[in-house]
Amino acid sequence: MPPKKRSSGTTQNKELKSAESVSADKKESPELSVKKHRDKDAEFVTLCKSLRVTDLVCDRAWTLWKTVQESMDEISDSQKKVWGACLFVSATDMDVSCFTLTQVLKAVSLNVKQFVALVRKLDVNLDTISTKVNSALTRLEKKYDVTLALYQRFEKTCKKIFALVSDDQERETMRSCWTMFLLAKGRALQMEDDLVISFQLLLCTLELFIKRCPPDLLQPLYKSAISKVQSPPTRTSRRNQSKAKTRPPEPEVDLQLLKTLCKENECNAEEVKNVYQTSFTAFLDSLDLSRSPDFPQANDINQQYEEHYLKSRDFDGRLFFDGHETVLAPKVEISQVERTPKKNLPDEDTVIIPPQTPVRAAMTSIQQLRGDLTSSGDQPSTNLATYFKNCTVDPTQDVLKRLETLGQTFSQRFGQAVGPRCVVLGWQRFKLGVRLYYKVMEAMLKSEEKRLSVQNFSKLLNDVTFHTSLLACSLEVVMATYGESSFKTGGYNHGGGGDPVETDVCFPWILDVVSLTAFDFYKVIESFIKAEPTLSKDIVKHLETCENLIMERIAWRTGSPLFELLKQEHEGGAAEQVETPASFSQPLQHNHTAADLYLSPMRPGLRVLPPESPATPSSQASSQPPTQPAGPTPRLPKSNSLSLFYKKLYRLAYTRLKILCSYLLSSHPELEPIIWTLFQHTLQHEHELMRDRHLDQLMMSAMYAICKVKSVDLRFKTIVTAYKNMPNTSQETFKHVLITEGHYDSIIVFYNQVFMQKLKTNILQYASTRPPTLSPIPQIPRSPYKFPNSPLRVPGSNNVYISPMKSPRMSPGIMTPRSRMLVSIGESFGLSNRFQKINQMVNSNNHSFKRTLDLGSTPKPLKRLRFDVDGQDEADGSKSGGDSTLIQKLAEMSSTRSRMQEQKMKEDAESRKE
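Because the structure is a prediction, the values reported are computed rather than measured.

A. Local environment of the nonpolar core. By size, the foremost hydrophobic cluster in this structure holds 236 residues, and its most contacted members are Phe-645 and Met-703. When residues in this core are grouped by element, the largest group, 13 residues, is from helix H29 (residues 640-664). For Met-703, the contacting residues outside a window of four places in its chain are Leu-657, Leu-660, Cys-661, Leu-664, Leu-665, Ile-675, Leu-714 and Ile-719.

Here it is as structure tokens:
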């Protein structure tokens with residue numbers, strides 16, 4: 001069974017010695033009545049008895065089996081394996097604790113990944129697997145991935161810690177250490193899929209075992225790390241309990257040893273120390289081990305973990321140590337992208353770059369974030385304080401009070417979600433977020449000052465929503481960097497059929513913590529990314545996904561200010577429609593700022609624009625009210641924030657529709673613009689259909705409606721099946737659709753009872769001889785969020801690209817394999833023949849050869865790549881510059897790089913003067 005809610009675990013028999021004994025001990029659950037199940041396959045009944053399921057679970061699983069039996073050819077698995085999956089689904093849906101996941105895996109001879117994939121295959125009719133089961137599978141799979149990554153790191157680390165001895169004592173020590181870590185993780189964390197905190201707990205456990213190991217079990221590095229603090233117990237002293245009792249209590253944590261462990265594992269020592277002093281110490285106290293000099297008793301630890309595992313009803317983490325087939329890792333070759341190309345040059349050493357494991361990736365991301373914020377403080381900088389003082393109303397005290405209040409709220413909610421002893425860790429995350437908040441705010445104000453030539457931003461800096469949004473975005477970046485905010489559940493984290501338990505801090509959790517609406521949060525995202533160029537590509541993509549989730553669903557929840565703005569637009573006589581179709585073909589401008597969006601909507605003043613004229617967001621933080629023209633009743637100006645929201649919404653909607661059409665209607669390309677017209681009409685004129693619903697629900701309904709009136713045979717099941725293969729989708733979208741208040745059903749019920757009833761007249765017009773005018777197709781631009789580390793082509797060059805100068809914190813251990821091969825102006829590049837090779841490549845008209853520095857080797861054909869850069873792509877050899885020389889190219893590179901860095905250098909110089 002998957003992990004249960006914290007409050008719903010059933011009491012287990014503490015005398016059980018293994019998970020398998022649950023199957024044998026028939027007194028612990030009702031006996032399965034064989035007579036009642038004579039209509040079922042004898043082997044199925046035998047499987048049910050071995051797993052000790054109840055009669056109700058047996059009946060429901062058999063009914064499910066009969067439902068999916070017709071699709072056995074598609075599933076292509078043995079009956080017994082499918083039976084196991086049916087039993088899991090039935091027991092999960094019924095909240096019945098019959099067996100653990102490991103027990104069913106052993107019974108049907110599958111590993112975790114194979115079993116999860118099989119359960120998802122059962123959803124042949126799209127109503128077999130409930131959202132509850134899907135949520136349980138998602139949590140289970142994530143927990144497995146985290147545990148697997150931790151065990152792989154544990155094995156590698158132990159090889160560096162423990163020395164090999166003849167009696168395999170180090171192996172037993174490792175087993176006890178791993179089991180104790182599993183127990184600590186299970187008791188200290190409610191979110192056992194938190195990779196970072198779990199890894200920090202693993203280091204705490206290793207510290208405990210290392211300092212209690214005899215010296216002959218340790219490698220020299222760790223033997224010396226603890227010798228400065230204390231002498232580890234010998235084998236004799238550990239056996240002699242009377243001597244152990246006379247020893248003075250040892251320190252709670254060996255700081256020198258902990259720092260060594262953290263340094264070897266690229267982990268922040270201060271964070272691990274806090275985990276040790278809060279969560280891990282409390283765990284040791286519960287076992288009465290915090291000041292004991294002896295090893296924990298292996299049998300006691302094993303028994304206590306056994307009880308925890310049986311209560312959680314998921315997989316047995318001890319099996320990783322035994323290499324058991326049920327937790328076998330999928331065989332995946334290490335990606336060659338993570339390796340440096342091999343070099344055969346005899347005059348230099350080959351650089352070996354380790355593969356990017358989940359743990360290393362997480363530690364590197366955290367290290368980079370902390371490095372970026374090193375110069376930022378917990379208080380406003382001098383420049384930021386000056387901006388505050390220049391305001392008509394100084395916001396300083398309000399800012400500080402707000403941070404204090406939200407800090408307490410955030411840390412408490414973090415502790416509730418992650419673990420009762422993790423409030424301190426919540427404060428650490430919050431402090432990092434505050435540093436980022438101050439840093440980005442200052443960058444935004446500097447940009448506004450240059451744009452407007454003003455220094456008084458009193459209206460913006462006294463806007464509570466702006467500050468809360470900026471802080472929430474900073475905290476979301478921190479949470480995402482630590483891997484605690486993701487989109488595994490497709491954004492359905494609260495309500496909507498899933499378990500609304502506070503063990504999920506995925507977005508939009510942060511909005512609930514700081515009491516912020518999604519529509520207000522969306523306003524800051526683009527400005528935030530522009531103001532903080534050091535954000536990694538993954539974090540930029542994370543924020544872009546947050547923005548998409550807001551536009552797709554979250555901003556449409558009841559109570560959102562979006563509906564009030566729409567009401568004002570449609571009933572208050574706004575100057576234009578929400579967004580005129582005529583503006584679709586125009587490029588989306590990205591010259592708006594946070595001030596434009598937070599000081600909108602509905603600024604004072606009146607204006608009149610022609611109906612055909614598309615609205616353009618104001619580029620000023622404050623506008624002069626125009627004179628009121630004579631004539632008709634004047635209309636209110638359009639909201640900048642609403643205008644931008646709808647522009648982005650239309651482009652997102654059409655992008656997703658285009659993907660779905662490519663899956664299903666490639667033979668009917670003429671239908672795509674018709675479907676889009678109905679889809680766009682719905683969003684503009686029937687936006688109430690979006691209330692508490694998802695953008696994709698309207699998209700699928702529009703597709704089905706148009707295919708229906710155009711007599712194209714396309715079933716809703718086919719649409720949903722294709723939709724499941726689209727990126728960033730959740731089965732909640734088509735299985736849990738709002739029909740009436742408080743009542744949810746499938747997408748087909750929504751179409752029949754809501755969508756069709758509301759739009760029937762409009763839909764039938766497309767079958768008439770005079771159909772509605774087609775809406776223009778939105779222009780789909782590239783993402784406005786440019787990644788600062790992406791190479792840019794040198795204008796007029798032949799495949800010569802440059803990258804911004806890396807900051808000093810980018811040590812060789814942090815740089816990627818590709819960035820190690822970059823050439824930096826002014827640095828020694830080695831042998832002169834390398835420059836000759838580059839010059840030969842630059843001047844060559846033949847671009848179909850691989851660029852290589854390996855002299856004497858035969859060039860290999862280069863795969864034709866296209867790069868998203870301004871101007872014509874040249875990887876296909878469409879241009880040539882045979883007269884170019886290396887000196888000219890390097891001069892161009894140097895000039896371009898200088899221009900890119902000029903602004904940054906000026907700002908740095910100004911900062912040093914101040």
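B. Geometry of unusual backbone geometry. For the bond running from Phe-507 to Pro-508, omega is 15°, close enough to zero to count as cis. Mapped onto the elements of the fold, Pro-508 is located in the loop between helix H23 (464-481) and helix H24 (509-513). Its identity is not glycine, yet Asp-692 carries a phi of approximately 60°, on the positive side. Structurally, Asp-692 can be placed in the loop between helix H30 (671-685) and helix H31 (695-709).

C. Main features of the environment of Asp-314. Inspection of the secondary structure assignment puts Asp-314 in the loop between helix H16 (298-312) and helix H17 (319-322). Residue classification places Asp-314 among the buried positions, given a relative accessible area of 1%. On a C-alpha basis, the gap between Asp-314 and Lys-143 in space is 9.7 Å, while along the polypeptide they are 171 residues apart. At a separation of 2.4 Å, a polar atom in the side chain of Asp-314 contacts the side chain of Lys-143. Engagement of the side chain of Asp-314 in a polar contact is seen with the side chain of Ser-312, the distance being 3.0 Å.

D. Structural context of the packing of aromatic side chains. Scanning the model with the defined rule gives 40 aromatic pairs in all. For the ring pair Phe-280 and Phe-283, a centre distance of 6.0 Å and an interplane angle of 40° mean the geometry is tilted. Remark: Phe-283 and Phe-280 occur in helix H15 (residues 269-286); sequence separation between them is three residues, near one turn of the helix. Across the pair, exposure class does not vary: Phe-280 and Phe-283 are buried alike. Relative to Tyr-646, the ring of Trp-556 has its centre 6.4 Å away and its plane inclined at 80°; by these criteria the two rings are edge-to-face. Placement of the pair is Trp-556 in the loop between helix H26 (537-552) and helix H27 (561-571) and Tyr-646 in helix H29, with a sequence separation of 90 residues. Among the aromatic residues, those joined into a cluster by ring pairs are Phe-519, Tyr-522, Trp-556, Phe-563, Phe-645, Tyr-646, Tyr-650, Tyr-654, Trp-676 and Phe-679. Positioned above the aromatic ring of Phe-563 is the side chain of Arg-691, whose terminal nitrogen or guanidinium carbon lies 3.8 Å from the ring centre.

E. How the structure looks around the packing of H31 against helix H32 (residues 716-723). Packing of H31 against H32 brings their axes to within 10 Å, and their N-to-C directions diverge by 140°. Put simply, H31 runs oblique to H32. In this structure, H31 meets H32 at a crossing whose hand is right-handed. Along its contact with H31, which presents Asp-696, Met-699, Met-700, Ser-701, Met-703 and Tyr-704, the element H32 presents Phe-716, Ile-719, Val-720 and Tyr-723. A breakdown of the residues in the contact of H31 with H32 according to their chemical character gives eight nonpolar, one polar and one charged.

F. Molecular detail of the pattern of salt bridges. This model, assessed by the stated rule, comprises 30 salt bridges. As a salt-bridge pair, Asp-95 and Lys-132 come within 2.8 Å of each other at their nearest N and O atoms. Separated by 37 residues along the polypeptide, Asp-95 in the loop between helix H5 (79-94) and helix H6 (101-108) and Lys-132 in helix H8 (residues 131-161) bring together distant segments of the chain. For Lys-132, a relative accessible area of 24% corresponds to the partly exposed category. Where Lys-143 meets Glu-192, a salt bridge forms, and the shortest distance between an N and an O atom there is 3.5 Å. Residue Lys-143 is located in helix H8, and its partner Glu-192 is located in the loop between helix H9 (169-188) and helix H10 (195-211); the two are separated by 49 residues in the primary sequence.

G. Helix H3 (residues 55-68), seen in detail. In a regular helix each residue adds 1.5 Å, so 14 residues correspond to 20 Å; H3 covers 20 Å between its end C-alpha atoms and thus fits that length. Listing the buried residues of H3 in full gives Asp-55, Val-57, Cys-58, Ala-61, Trp-62, Leu-64, Trp-65 and Val-68.

H. Representation of the packing of H5 against H8. At a minimum axis separation of 9 Å, H5 and H8 run at an interaxial angle of 110°. The angle between H5 and H8 places the two elements in the roughly perpendicular class. In this structure, H5 uses Phe-88, Val-89, Thr-92 and Asp-93 to contact H8, whose residues at the interface are Lys-132, Val-133, Ala-136 and Leu-137. Split by residue class, the contact of H5 with H8 holds five nonpolar, one polar and two charged.

I. Spatial organisation of the environment of Ile-739. Tracing the sequence through the fold places Ile-739 in strand S1 (residues 737-740). The class of Ile-739 is buried, set by a relative accessible area of 6%. Residues Ile-739 and Gln-753, spaced 14 residues apart in sequence, show a C-alpha to C-alpha distance of 7.4 Å. Not counting residues up to four positions away in its chain, the partners in contact with Ile-739 are Arg-693, Tyr-744, Asp-745, Ser-746, Val-749, Phe-750, Gln-753 and Val-754.

J. Spotlight on the side chain of Thr-179. Take Thr-179: it is sitting in helix H9. Setting aside its immediate chain neighbours within four residues, Thr-179 contacts Ile-301, Asn-302, Tyr-305 and Arg-318.

K. Main features of the confidence of the model for the protein chain. Taken as a whole, the protein chain shows an average pLDDT of 76; of its residues, 66% reach a score of 70 or greater. Note that residues 1-29 has pLDDT below 50 and, in this model, 63 contacts with residues that lie over four places away or in other chains. Considering only residues more than four positions removed or in separate chains, one finds that residues 333-351, a stretch of pLDDT under 50, has 22 contacts.

Parameters at a glance
Residues numbered from 1 in each chain as written. Predicted model: local features only at pLDDT ≥ 70, side-chain atom pairs only at ≥ 80, totals over all residues. Heavy atoms only, no water. Core = buried A, V, L, I, M, F, W, Y, C linked by side-chain atoms within 4.5 Å. Buried < 20%, exposed > 50% of the residue type's maximum accessible area, 1.4 Å probe, protein only. Helix = DSSP H or I, 4+ residues; strand = E, 2+ residues; numbered from the N terminus. Contact = heavy atoms within 4.5 Å. Polar contact = N/O pair within 3.5 Å; in protein donor to acceptor, adjacent residues only side chain to side chain. Phe/Tyr/Trp six-rings, centres within 6.5 Å; stacked < 30°, edge-to-face > 60°. Lys NZ or Arg CZ within 6 Å of the ring centre and 35° of its normal. Axes fitted to C-alpha atoms, helices over the stretch in contact; angles between N-to-C directions. Parallel < 35°, antiparallel > 145°, perpendicular 65-115°, else oblique. Left-handed = near helix turned anticlockwise from the far one by under 90°. Nonpolar A, V, L, I, M, F, W, Y, C, P; charged D, E, K, R; others polar. Salt bridge = Lys/Arg side-chain N within 4 Å of Asp/Glu carboxyl O. Expected span 1.5 Å × (residues − 1). pLDDT = per-residue confidence, 0-100.

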